Amino acid sequence: MSRRVRLALSVAAVLALTACGGTSAGDAASSASSAAASSAASSSGEDLTGTLTVFAAASLTDVFTDLGDRLEADHPGLDVQFNFAGSSQLATQLTQGAPADVFASANEAQMEVVTDAGLQAADPTVFTENVLEIAVPKGNPAHVTGLADFADPDLTLAVCAPDVPCGAAAQEVFQAAGIDAQPDTQEEDVKAALTKVQLGEVDAALVYATDVQAASGDVEGIEFPEAEQAVNQYPICTLEAAPNPDAAQAFVDLVDSDEGQQALEDAGFRAPTS
Amino acid sequence: MRRPGGSGVPLPLLVPAAIGTLFLVLPLLGLVVRAPWSDLGARLAEPGVGQALRLSLLSATLATTASLVLGVPIAWVLARTRTRGRSVLRALVTVPLVLPPVVGGVALFLVLGRQGIVGRWLFETTGVTIPFTTLAVVIAETFVAMPFLVISVEGALRAADARFEDAAATLGADRWTTFRRVTLPLVAPGIAAGAVLCWARALGEFGATITFAGNFPGTTQTMPLAVYLALQSDPEAAIVLSLVLLVVSLATLLLLRDRWLTRSGAAA
């Protein structure tokens, strides 16, 4: 029971966070002026200082917050600010002129929105990948074994709505596997699908490996080969208008380093295959 | 001789009323301005639109009916009895007003879900599960919307002249007869107003519905859910759907209002 209450609270917290997403752009704007001063300091060979503003996909929240803390620990004069939101929202904010140093997208389509606008300082590189996984309640009460179980009308199944990225990926894998999926609900985002598994209200849901990892106490993950048909590649780049380019590069370097890659792997991401 | 009040609206009331009206209406105008008028017809003809609209109207109406059946008696208990727990009851009944609807949806899971306190028993004895069905939509909407009805009706009951009920009682009517023959007709306009509020809230319900009932076209995808999901991929479609919902709800409310106004006018 108490676990469920905590779950309800965490749902509320997630909502509060999404509601706050819009304000970060304003924070970023106010930090831009202070960052401008710092880039002058760092170019003269001093340690990284000022503010670093990173726009990153919401799925990177935990890993990047952790990496940001590490960077701040290494450079006491540096303040790392994040704007976590859906990649499409971030891309829109950037093309509308939001000042940022780094952009990390959850898919290449939204990175293209930014590069098409010529906002990148260097070509984006893929730094990690995320694949779909089947999430089932602890103990797998319905004995789900693979993607084919999603065609079973007797099971209660959740997928993401086709309008959101995880739903589009789900459609791709179903199509590739030739499976006529029989979901009972098309959830508005991947966390909502995961919540239904955590509550034990669905027998299985199609979510990302990182979501299974984040909820590893409550759910079990089942990998399936068809997931390779819809791999989400995460590109990152520094931005042309970066108020703090040296810190931006330092952050991208940290993400690409063994330390950064390990943190990503611990969160359920995997190293890029290409 | 000038009457003290005059017939015009005093400036200290007129100005905030005008600002308030603009505040409420401008976002609506924004939707109208941004709507893709050129291909509106084609977008409205998409099969999903009618389906979601029908489901919305049906579930909001059923939720309002359920709220009337259960909510009017609650309002009567709150307004006409002197039980000690009354203020606690009132606070409890209004909890869904302050609860974020998504949390309300999770709470419904914990009671009526397959693993819920009541839902588990229901599932084990009959094999029936409530979540992800149209019934779940109606339950979620009722949970969120009923407090609006209860509060309006309680207000109407308190404002109604209790002497009519006393007179009925002295003439030998028991409390149930008095309620049916005297109280109900007396507060009918208040109940109607509460039902409208309840219906409107149910029609726009999003959070509890998408959490408890999920989202599936034809079964649980009401208009607000369709709007939200369309917003993720096709903002123009979301605007069209919003306009449809607004037009239908406004038309319904205006029609009903006219009917009551004429009826109460005839009664007076």
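Not measured: the values here are computed from a predicted model.

Asks: Mind showing me how you'd approach the overall build of chain A here?
Replies: When you go through chain A residue by residue, the secondary structure sums to 10 helices and 10 strands. Of all intrachain contacts in chain A linking residues separated by at least 6 positions in sequence, the fraction that spans at least 24 positions is 78%. Accessible area for chain A stands at about 11600 Å²; split by element, carbon and sulfur atoms hold 50% of it.

Asks: How do you make sense of the state of the cysteines when you look at a structure like this?
Replies: Two cysteines, two sulfur atoms, one covalent bond between them: this is a disulfide. All names here are of chain A. Within this structure, the stated rule accounts for one disulfide over all chains. In this model, Cys160 is linked to Cys166 through a disulfide, with the two sulfur atoms separated by 1.9 Å. Every disulfide takes its handedness from the sign of the S-S torsion; for Cys160 and Cys166 that torsion is -100°, giving left-handed. In this structure, Cys160 and Cys166 share a single accessibility class: buried.

Asks: Where do I start with the confidence of the model for chain B in this structure?
Replies: Should the pLDDT be low somewhere, the predicted coordinates at that spot are not to be read in detail. Residues and elements named next belong to chain B. Per-residue pLDDT for chain B has a mean of 89; in total, 94% of the residues score no lower than 70. No element of chain B has a lower mean pLDDT than helix α13 (residues 235-267), which averages 77, and none a higher one than helix α8 (residues 134-159), which averages 96. Per-residue pLDDT stays below 50 along residues 264-268; that stretch engages in zero contacts with residues further than four places along the chain or on separate chains. For this predicted complex, the interface confidence score (ipTM) comes to 0.78, while the overall pTM stands at 0.78.

Asks: What's the story with the interface of chain A and chain B in this structure? I'm lost.
Replies: By a frequent convention, interface size equals the accessible area lost on bringing the separate parts together. Contacts between the two partners involve 21 residues from chain A, matched on the other side by 22 residues from chain B. In terms of surface lost to chain B, no three residues of chain A exceed Asp163, Glu188 and Glu201 of chain A, which account for 29% of the buried area on that side. At the junction of chain A with chain B, the criterion picks out one salt bridge. The shortest N-O distance in the salt bridge between Arg114 of chain B and Asp203 of chain A comes to 2.9 Å. Secondary-structure elements contributing two or more residues to the side of chain A that touches chain B are α1 (2-20) and β7 (185-187) of chain A. The element contributing the most residues to the side of chain A that touches chain B is α1 of chain A, with five residues. For the side of chain A that touches chain B, the residue count by class is nine nonpolar, four polar and eight charged.

Asks: What exactly am I supposed to notice about the sheet that holds strand β4 (residues 125-130) of chain A here?
Replies: Pairing between the strands of a sheet comes from backbone hydrogen bonds, and it takes one of two forms, parallel or antiparallel. Residues and elements named next belong to chain A. The sheet built from five strands is open, its strands ordered β2-β1-β3-β10-β4 with mixed pairing. Lying at the two open borders of the sheet, with one neighbouring strand each, are β2 (78-85) and β4. Neighbour-to-neighbour, the strand axes of this sheet turn through a mean angle of 20°, independent of strand direction. As paired elements, β4 and strand β10 (residues 232-238) share five bridges and run antiparallel to each other. Across the sheet, residue Thr128 finds its bridge partner in β10, namely Tyr234.

Asks: Just checking my understanding: could you explain the sheet that holds strand β8 (residues 204-208) of chain A for this structure?
Replies: Residue and element names in this part refer to chain A. On the basis of which strands lie adjacent, the open sheet formed by five strands has the order β7-β6-β8-β5-β9 and mixed pairing. Every interior strand has two partners, whereas the edge strands, β7 and β9 (219-222), have only one. Between one strand and the next, the sheet's axes are offset by a mean angle of 35°, whatever the strand orientation. Of the strand pairs in this sheet, strand β6 (residues 157-160) and β8 are connected by two bridges, and their pairing is parallel. Bridge pairing in β8 places Leu157 opposite Ala204.

Asks: So what exactly am I meant to see when it comes to the pairing of strand β5 (residues 132-137) of chain A here?
Replies: Successive side chains on a regular strand alternate, one facing one side of the sheet and the next facing the other. Residue and element names in this part refer to chain A. With six of six residues buried, β5 is to be regarded as a mostly interior element. Side chains Leu132, Ile134 and Val136 project from β5 onto one buried face, and the interleaved Glu133, Ala135 and Pro137 project onto a second face that is buried too. Relative to β8, β5 runs antiparallel, the two sharing four bridges. In the sheet register, Ala135 faces β8, and the bridge partner there is Ala205. Note: β5 against β9, four bridges, orientation antiparallel. Among the inter-strand pairings, Pro137 is bridged to a residue of β9, identified as Val219.

Asks: Please clarify how the packing of aromatic side chains should be interpreted in this entry.
Replies: For any two aromatic rings, the description comes down to two numbers: the centre-to-centre distance and the angle of the planes. Scanning the entire structure with this criterion turns up 13 aromatic pairs over all chains. Taking 5.2 Å as the distance between ring centres and 80° as the angle between the ring planes, the aromatic pair formed by Phe64 of chain A and Phe251 of chain A counts as edge-to-face. With a gap of 187 residues between them, Phe64 of chain A in helix α3 (residues 61-74) and Phe251 of chain A in helix α9 (residues 245-256) connect regions that are remote in the sequence. Phe251 of chain A matches Phe64 of chain A in its accessibility class, with the two residues each being buried. The rings of Phe64, Phe82, Phe84, Phe127, Tyr234, Phe251 and Phe269 of chain A are connected pair by pair, giving a single aromatic cluster. Arg114 of chain B extends its terminal NZ or CZ atom over the ring of Phe123 of chain B, reaching a point 6.0 Å from the ring centre.

Asks: Explain a nonpolar patch on the surface here, please?
Replies: Residue and element names in this part refer to chain B. Side chains of Leu22, Phe23, Leu24, Val25, Leu26, Leu28, Leu29, Val32, Trp37, Leu250 and Leu254 sit close together on the surface and give an oily, nonpolar patch of about 1100 Å² of accessible area. When contributions to the nonpolar patch are tallied by element, the ones reaching two or more residues are α1 (11-34) and α13. Take the nonpolar patch: its biggest share by element is eight residues, from α1. Mapping Leu26 onto the fold places it in helix α1.

Asks: Honestly, the packing of α9 of chain A against helix α10 (residues 258-266) of chain A in this entry has me stumped. Any pointers?
Replies: Two quantities define a packed helix pair, namely the angle between the axes and the distance from one axis to the other. All names here are of chain A. Two elements in contact, α9 and α10, have axes whose closest approach is 4 Å; the angle formed by their N-to-C orientations is 60°. Between α9 and α10, the crossing angle belongs to the class labelled oblique. Here Leu254, Val255 and Asp256 of α9 come into contact with α10, specifically with Asp258, Glu259, Gly260, Gln261 and Leu264. Split into classes, the residues belonging to the contact of α9 with α10 amount to three nonpolar, two polar and three charged.

Asks: Would you mind showing me how to read unusual backbone geometry here?
Replies: When glycine is set aside, most residues are seen to have a negative phi, and most peptide bonds are trans. Residues and elements named next belong to chain A. The backbone phi angle of Asn140 is positive, close to 45°, even though this residue is not glycine. Mapping Asn140 onto the fold places it in the loop between β5 and β6. Here His143, not a glycine, exhibits a phi torsion of approximately 55°, which is positive. Inspection of the secondary structure puts His143 in the loop between β5 and β6. What makes His143 exposed here is its relative accessible area of 63%.

Criteria and cut-off values
Residues numbered from 1 in each chain as written. Chains lettered and ligands numbered in written order. Predicted model: local features only at pLDDT ≥ 70, side-chain atom pairs only at ≥ 80, totals over all residues. Heavy atoms only, no water. Helix = DSSP H or I, 4+ residues; strand = E, 2+ residues; numbered from the N terminus. Contact = heavy atoms within 4.5 Å. Areas by Shrake-Rupley, 256 points an atom, 1.4 Å probe, with all protein chains shown as cover. Disulfide = S-S within 2.5 Å. Buried < 20%, exposed > 50% of the residue type's maximum accessible area, 1.4 Å probe, protein only. pLDDT = per-residue confidence, 0-100. Buried area = accessible area lost by both parts, 1.4 Å probe. Salt bridge = Lys/Arg side-chain N within 4 Å of Asp/Glu carboxyl O. Nonpolar A, V, L, I, M, F, W, Y, C, P; charged D, E, K, R; others polar. Pairing = 2+ DSSP bridges. Axes fitted to C-alpha atoms, helices over the stretch in contact; angles between N-to-C directions. Phe/Tyr/Trp six-rings, centres within 6.5 Å; stacked < 30°, edge-to-face > 60°. Lys NZ or Arg CZ within 6 Å of the ring centre and 35° of its normal. Patch = residues over 30% accessible without salt bridge, like charges linked within 9 Å, V, L, I, M, F, W, Y side chains within 5 Å. Parallel < 35°, antiparallel > 145°, perpendicular 65-115°, else oblique.

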